[in-house]
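Okay, here's what each chain looks like letter by letter:
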Amino acid sequence: MNKAHWDIFCQVIDNYGDIGVCWRLARQLAAEYPVKVRLWVDELAALKQIWPETQLQSQQYLEQVEVCVWSENFPAEVKPADVVIEAFACELPTTYLAAMQVKAQPSVWLNLEYLSAEDWVEGCHKMLSMHPSTGMNKTFFFPGFTEKTGGILREKTLLEHRAAFQGDYSKQDAFFSQLGLDQVNQRTKETLLVSLFAYENTAVASLIHTWQQSKTPVMCLVPFGKILTSLNPLLNKPLEVGQAQQIGALTLIAIPFVSQQEYDHLLWACDLNFIRGEDSFVRAQWAAKPMVWHIYPQDEDYHMVKLNAFLAHYLAKTEPMLQSALSNLWQVWNQGGDVSEHWQTCLKLWPQWQRQSQSWCKQLSQQNDLSSQLFDFCQKRATEKG
Ligand SMILES: Cc1cn([C@H]2C[C@H](O)[C@@H](COP(=O)(O)OP(=O)(O)O[C@H]3O[C@@H](C)[C@H](O)[C@@H](O)[C@H]3O)O2)c(=O)[nH]c1=O
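All values reported here derive from a predicted model rather than from experimental measurement.

1. Digging into the pattern of salt bridges
Across all of its chains, the model carries seven salt bridges by this definition. Among the ionic pairs, Glu155 bridges to Arg283, the shortest N-O distance being 3.0 Å. Separated by 128 residues along the polypeptide, Glu155 in the loop between strand E8 (137–141) and helix H5 (158–166) and Arg283 in helix H11 (residues 279–287) bring together distant segments of the chain. Residue Glu155 is classed as buried on the basis of its relative accessible area of 16%. Arg283 sits in the buried class, given a relative accessible area of 2%. Each member of the salt-bridge network shares a partner with another, and the members are Arg24, Glu155, Asp264, Asp279 and Arg283.

Right under this line is the structure:
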């Protein structure tokens, strides 16, 4: 069977979400579907951060994906693929676009959008748009949380792997040991193990203060990144990667930024995950553990609209007490306020919170995942054309 060629174009705007999503999609397509995937990325250093095997060279194969640097001098001889995905409305190279225009068998051209739980997404998913200068059509593909959207990324065996890891403490211990975190394995049974990945956030002061005074121990693992900028001024001595600090009931440990695969394991192993942006937010939902989302901040607080749109879905089937407790905690965390009281309320509802995280994950898993929806859509298009 001839494999269809897929090109994914990724422009790194900031952080790791753009490449995080594109790389995960590329890996899954290459591993699970009969397609040849080429990923064009303009900032290889961002890929290296989440996938350390990445070499800083213009072309390489990683995980059966051809990874190419997308530089300003885009090679004119590059032939357009059968399926072309521009991620997050990045602009395709002009020579590539010109080659698409004269291609005998037109490419399926898709714009993969950012994830949002807002209602309007359903109406715009799979909408066609004519490109002004070439007259070619591209289709908007919107990930989302409902049947009428493109779904979210979920590898075929993800939930099985997660369940196996979460059900086997020796696997979890081995994971922390291999990261040089034997200290985590020595925690007591009642310790709350937390991972903290967030943007700069003044709310962290109240969180740290509350955890310090907790009746039971809290161990907080902080992957190297922006939240340390807010955390470090609160400490007597700045936290460096590999270092731990004990303040009252709280042990803070700064850990290195790990690979995308290891990060999944971290989310699966922790009792509670603070996550941000898009990709870690999705992975935390598959971890089926309590989570607190720091959404990517936007102008005029538009992100709060998006946050509330997600909460409406996430908490729709949740009992009212937990609903308001989580909603308050998430909102105040995103507004940089004092989360102490809301944290205490959520903690009192801990077993319900855990159950809610599991049932949400189960509910989400009923939905078709993003890669399968993309693949089916392109197959259908190819048959229509053929
Ligand atoms: C903490 C950590 C994360 N990661 C990965 C998980 C994700 O793939 C990636 C982080 O991406 P996100 O969670 O999406 O958060 P982010 O803040 O890095 O990315 C954001 O970028 C902006 C440009 C977008 O507009 C946002 O929507 C969002 O995608 O890093 C690791 O591989 N190792 C780690 O140790």
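From this point, the discussion proceeds with the structure in view.
2. A few points about the sheet that holds strand E10 (residues 218–223)
One open sheet accounts for six strands, arranged E11-E12-E10-E9-E13-E14; its pairing is mixed. Both edges of this open sheet fall to strand E11 (244–247) and strand E14 (291–294), since each of them pairs with a single strand only. Going from strand to strand, the sheet's axes swing by 15 degrees on average, the running direction of each strand aside. Two elements, E11 and strand E12 (residues 250–255), share four bridges in a ladder whose sense is antiparallel. By the bridge assignment, Ile247 is partnered in E12 with Leu250. Where helix H8 (residues 204–212) meets the sheet, it contacts strand E9 (192–196), E10, E11, E12 and strand E13 (272–276), and its direction lies at approximately 130 degrees from that of E12. Across the face of the sheet, helix H10 (residues 260–269) comes into contact with E9, E10, E12 and E13 while running at roughly 135 degrees to E13.

3. Things to note about unusual backbone geometry
If you check the backbone angles, Ala89 has positive phi at about 60 degrees while not being a glycine. If you trace the backbone, Ala89 turns up in the loop between strand E5 (83–87) and helix H3 (94–101). Phi at Ala288 takes a positive value of approximately 60 degrees, unusual for a residue other than glycine.

4. Describing the side chain of Gln172
Relative to the elements of secondary structure, Gln172 occurs in helix H6 (residues 169–178). Using a relative accessible area of 6% as the deciding quantity, one classes Gln172 as buried. Setting aside chain neighbours within four positions, we find Gln172 in contact with Phe165, Gln166, Gly167, Asn185 and Ala269.

Reading the values: the criteria
Within each chain, residue numbers correspond to sequence positions counted from 1 in written order. Per-residue local features of the predicted model are confined to residues with pLDDT of at least 70, and side-chain atom pairs are confined, for both listing and counting, to 80 or more; whole-chain, interface and lining totals are unaffected and use all residues. By convention in this description, side-chain values take in all heavy atoms of the structure and omit both hydrogens and water. For this analysis, a salt bridge means a side-chain nitrogen from Lys or Arg found within 4 Å of a carboxyl oxygen belonging to Asp or Glu. Secondary structure counts use DSSP, requiring at least four H or I residues in a row for a helix and at least two E residues in a row for a strand, with both numbered from the N terminus. Whether a residue is buried, partly exposed or exposed follows from its accessible area with a 1.4 Å probe, protein chains only, as a fraction of its type maximum: under 20%, in between, or over 50%, in that order. Strand pairing requires that DSSP identify at least two bridges connecting the strands. Axis geometry follows a simple rule: fit a line to the C-alpha atoms, using only the stretch in contact for helices, then measure angles between N-to-C directions, giving values from 0 to 180 degrees. Contact criterion: two residues are considered in contact whenever any of their non-hydrogen atoms come within 4.5 Å of each other.

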